[in-house]
Amino acid sequence: MLSRSVFTVARLSSSHGAATARSASTLLPSAHGDAEFIKTLSKPELFQTASYINGAFTYQGSDSSSSSSNFEVINPSNGQTIAACPRDGAAEVQQAVAASKDAFASWKDTTAKKRATTLLRMADLVDEHKEDLARILTFESGKPLAEARGEINYANSFLRLYAEEATRVHGEVLQPNVAGRRMMTIKQPIGPVALITPWNFPAAMITRKLAPALAAGCTAVIKPAELTPLSALAFCAIAHEAGVPAGVMNCLTVGREEVQEVGRALCHHDDLRKISFTGSTPVGKWLYRESADTVKKLSLELGGNAPFIVFDDADIDVAVNALINTKFRNTGQVCISSNRIFVQDSIYDEFAAALAAKVKNIKCGDGFNVENSAGPLINAQGLSKVASQVDDCVSLGASVLLGGEPIKELNDKGGTFYKPTILTGVTPLMAPYREETFGPVASLFRFTSEEEVIRMANDTPFGLAAYACTSNMSLAFRVSESLESGMVGINEGAISADTIPFGGVKQSGLGREGGAWGIEEYLELKYVCFGNI
Ligand code: ADP
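Here goes a summary of the coordinates provided. Being a predicted model, the structure only gives us computed values, none of them experimental. (Residues numbered from 1 in each chain as written. Predicted model: local features only at pLDDT ≥ 70, side-chain atom pairs only at ≥ 80, totals over all residues. Heavy atoms only, no water.)

**Here we look at unusual backbone geometry**
Its identity as a non-glycine residue notwithstanding, F438 has a phi of 50°, on the positive side. Counting through the fold element by element, F438 comes out in the loop between α14 (431–434) and β17 (441–447). Since its relative accessible area comes to 21%, F438 is described here as partly exposed. Of note, N491 is a non-glycine position whose phi angle comes to about 55°, a positive value. Within the secondary structure layout, N491 lies in the loop between β20 (487–490) and β21 (505–506). (Helix = DSSP H or I, 4+ residues; strand = E, 2+ residues; numbered from the N terminus. Buried < 20%, exposed > 50% of the residue type's maximum accessible area, 1.4 Å probe, protein only.)

Structure representation (structure tokens):
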């Protein structure tokens, strides 16, 4: 690896400084990356490509974008390289963890009010720059700009929520078991934490973890997905401007080849007390195993295989809209996306036709064109997984009601697009019954009875989200209690919010993010006994 020159950013705060407001626009390094795109930003300095460690973006000696020590970030809409990021490894993990440990010593002792103020300053800056942040998000993920704007707002809701929750971390005074004793509990930040995030929500998954961590008094080392590191780095620039002290928030840029080395270094590091991970189930299990020796606390938000049940008394319009929301948002690349759509016999054909009538209007293409309501799959691997699931279903007897193939004219220009697809006659022998599709394919299964559909819905090792549509309140209650999942949407497909406990059961994960539950994941409960009073 080439030696690094650190772009050292002058700081107005002291070394472990309490958060101090800075007019930092002059302090951020100038933007690195695609010059044409950067020109479209109101604040180009939000476009950073190197890791952020101890309050500084760390660039190599010169602009070495062609260097083999960089990995490329690709726009999946057209296959073009939009940035090159340094390949951080175990050495950078050591630096970032050392910075976070150093910063923890003072950040944990700041008042909750002060941490809240810092988070609110970040939130105000996110609001000020939300169009730039949305553009960066669309540029690296391909998602339509309207969805990117929605994600930035959602991301920001966590900064505001946890600014409030910071001040609500309370202990208790307990009844003593012996006269002359006083007993109490206090809650303390767990310590420096590692936050590992996926590419499907590159902004929101950062703040959903970072905001409660910082609010609790923890410091953080973030490892964003190699496919979408730019939004995470833009949030570092925001944090920098907001006066988040050096070392409190660090972010590594890690290529696919180095990810296991970095993952291992994070898991094995004694100074990191927790890992919060959102991503695939195999990687989550690996992190769980690797963290055993240091007995880290883990929050894992892993894969799902969400059932979406349409009972014959459902309002068809409501069910169709709910399904489109969960199935086609972000081109189906959502961990709570419905995967197995169970439709009751008597309304199966009517529902399929109503769904097709709406889905055929979804227009795919470049996210910057406002006419497009769906973007590409994240990469060729994502595209081929979707295509192979559809092929598997068709070869086993399913019918293609809509779509069913890649979009050749867009893919010829470098994209990774697949047509919004509806499959009918899908059965438990076919791939979507067992695995997440993570793409724009609605697989329609048929069922007859409540008992049968609940059995099929729960016939999976996963349990993140589940959905059901019905007008029968008793049925809605029964079903929401019987479904083995962390979250249930009844007549609703858009169930995420900052205030909810987001998380799964079974092999979908551990812990909850969001609301008051989210900050608990970053706190330790301590019992203190005062004797002989
Ligand atoms: P996907 O297959 O959808 O990319 P992953 O679970 O591989 O899902 O990725 C989610 C996040 O986990 C990304 O930031 C990725 O770089 C990271 N990751 C993957 N493997 C490891 C690992 N061995 N250690 C640490 N992080 C990892």
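**Here's the deal with helix α4 (residues 130–141)**
Compared with the 16 Å implied by 1.5 Å per residue over twelve residues, the 16 Å span of α4 between its first and last C-alpha is a close match. Of all twelve residues in α4, ten are buried, a share of seventy percent or more. Among all positions in α4, only D132, L133, A134, R135, I136, L137, T138, F139, E140 and S141 are buried. At the exit of α4 stands G142, carrying a positive phi of roughly 85°. (Expected span 1.5 Å × (residues − 1).)

**Overview of the sheet that holds β17**
Strand order across the open sheet formed by seven strands is β15-β16-β17-β14-β13-β19-β20, with mixed pairing between neighbours. Two strands in the sheet have a free side with no partner beyond their single neighbour: β15 (399–402) and β20. Geometrically, the sheet is characterised by an average inter-axis angle of 25° between neighbouring strands, direction not taken into account. Two elements, strand β16 (residues 421–424) and β17, share three bridges in a ladder whose sense is parallel. Within β17, the position partnered with L423 by the bridge is S443. Together, β13 (306–310), β14 (338–344), β15, β16 and β17 form the strand contacts of helix α11 (residues 348–359), whose direction differs from that of β17 by roughly 170°. (Pairing = 2+ DSSP bridges. Axes fitted to C-alpha atoms, helices over the stretch in contact; angles between N-to-C directions. Contact = heavy atoms within 4.5 Å.)

**Structural notes on the state of the cysteines**
Following the criterion strictly, the structure yields zero disulfides and no others. As a non-bridged cysteine, C267 has C218 as the owner of its nearest cysteine sulfur, 17 Å distant. The class for C267 is buried, based on a relative accessible area of 0%. (Disulfide = S-S within 2.5 Å.)

**A word on the side chain of S338**
Within the secondary structure, S338 is located in strand β14. The buried category is assigned to S338, whose relative accessible area is 0%. There is a polar contact of 2.6 Å between the side chain of S338 and the side chain of T326. In this structure, S338 is in contact with A306, F308, L323, T326, K327 and Y467, ignoring residues within four places of it in sequence. (Polar contact = N/O pair within 3.5 Å; in protein donor to acceptor, adjacent residues only side chain to side chain.)

**Side note on the nonpolar core**
I336, F351, L355 and L444 are the most contacted members of the largest nonpolar core, which totals 113 residues. It is helix α5 (residues 145–166) that contributes the most residues to this core, eleven residues altogether. Among the nonpolar cores identified, the runner-up in size contains 27 residues, and A398, Y433, F445 and V479 belong to it. (Core = buried A, V, L, I, M, F, W, Y, C linked by side-chain atoms within 4.5 Å.)

**What to know about the site of the ligand**
Close to the ligand lie 18 residues, the nearest being T197, W199, K223, E226 and S280. Contact between the ligand and W199: an oxygen atom at 3.1 Å from a side-chain N or O atom of the residue. A distance of 3.5 Å is found between a nitrogen atom of the ligand and a backbone nitrogen or oxygen belonging to V259. Coverage of the ligand by the protein amounts to 86% of the 540 Å² it exposes when considered alone. (Near = heavy atom within 4 Å. Areas by Shrake-Rupley, 256 points an atom, 1.4 Å probe, with all protein chains shown as cover.)

**Some words on the environment of D313**
By the element assignment, D313 lies in the loop between β13 and α10 (316–328). Owing to a relative accessible area of 28%, D313 belongs among the partly exposed residues under this scheme. In this structure, the C-alpha to C-alpha distance between D313 and L444, residues 131 residues apart in sequence, is 17 Å. The contact partners of D313, leaving out residues within four places of it in the chain, are T470, S471, N472 and L475. There is a polar contact of 3.4 Å between the side chain of D313 and the backbone nitrogen of N472.

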